Amino acid sequence: MRFIAWLVLALRFGAFYVFEVVRSNFKVARDVLHPRPVFRPGLVAVAVDHLTDRQRLVLAILLTMTPGTISVELNGDPARLLLHTLYVPEDPERLRASIRNDYESAIARLF
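The paragraphs below set out a description of the structure included in this document.

So, the packing of aromatic side chains
Ring pairs (aromatic) are described by centroid distance and by the angle formed between their planes.
Then comes step 1: The full count for this structure, using the stated rule, is seven aromatic pairs.
Then comes step 2: Ring centres of Phe13 and Tyr103 lie 6.1 Å apart, and the angle between their planes is 80°; this geometry places the pair in the edge-to-face category. A residue pair is termed long-range when its members are at least 10 positions apart, and Phe13 in helix H1 (residues 3–33) and Tyr103 in helix H3 (residues 92–110) qualify at 90 residues.
Then comes step 3: For the pair Phe16 and Tyr103, a centre-to-centre distance of 5.4 Å together with 70° between the ring planes defines the contact as edge-to-face.

Next comes the structure, spelled out in structure tokens:
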């Protein structure tokens with residue numbers, strides 16, 4: 001990948017990630033301070049067998065640094081990332097698709 005294209009992708013992903021961290025901070029803070037929080041905690045497994053070891057590690061670290069989400073386990077064959085999140089949607093596939101579309105595609109091209 002040419003450097004300019006990589007730099008543009010890195011800047012776009014960086015801006016997206018900063019926005020996600022800020023948005024997640026407000027969401028968690030709102031629920032912590034609210035008398036009736038709307039937490040829906042749970043575990044969600046995300047298939048990451050198409051990523052390299054480095055890309056899996058970067059994904060796990062970025063998701064852990066996002067408030068409300070913790071990477072619990074990264075292993076297996078086929079490889080999967082087990083996440084604990086405070087906000088599991090009714091359909092966990094929506095969360096998997098969001099991670100696949102928003103994080104994995106950029107991480108695969110950047111790293």
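Some points on the nonpolar core
Then comes step 1: One finds Leu59, Ile99 and Tyr103 to be the most contacted residues of the largest nonpolar core, which totals 23 residues.
Then comes step 2: Contributing elements (two or more residues each) for this core: H1, strand E1 (42–47), helix H2 (53–64), strand E3 (80–85) and H3.
Then comes step 3: With sequence-adjacent residues up to four places away left out, Tyr103 is seen in contact with Phe13, Phe16, Tyr17, Glu20, Leu59, Leu63, Thr66 and Ser98.

Cut-offs used in this document
Residues numbered from 1 in each chain as written. Predicted model: local features only at pLDDT ≥ 70, side-chain atom pairs only at ≥ 80, totals over all residues. Heavy atoms only, no water. Phe/Tyr/Trp six-rings, centres within 6.5 Å; stacked < 30°, edge-to-face > 60°. Helix = DSSP H or I, 4+ residues; strand = E, 2+ residues; numbered from the N terminus. Core = buried A, V, L, I, M, F, W, Y, C linked by side-chain atoms within 4.5 Å. Buried < 20%, exposed > 50% of the residue type's maximum accessible area, 1.4 Å probe, protein only. Contact = heavy atoms within 4.5 Å.

That is the geometry; function is a separate question.
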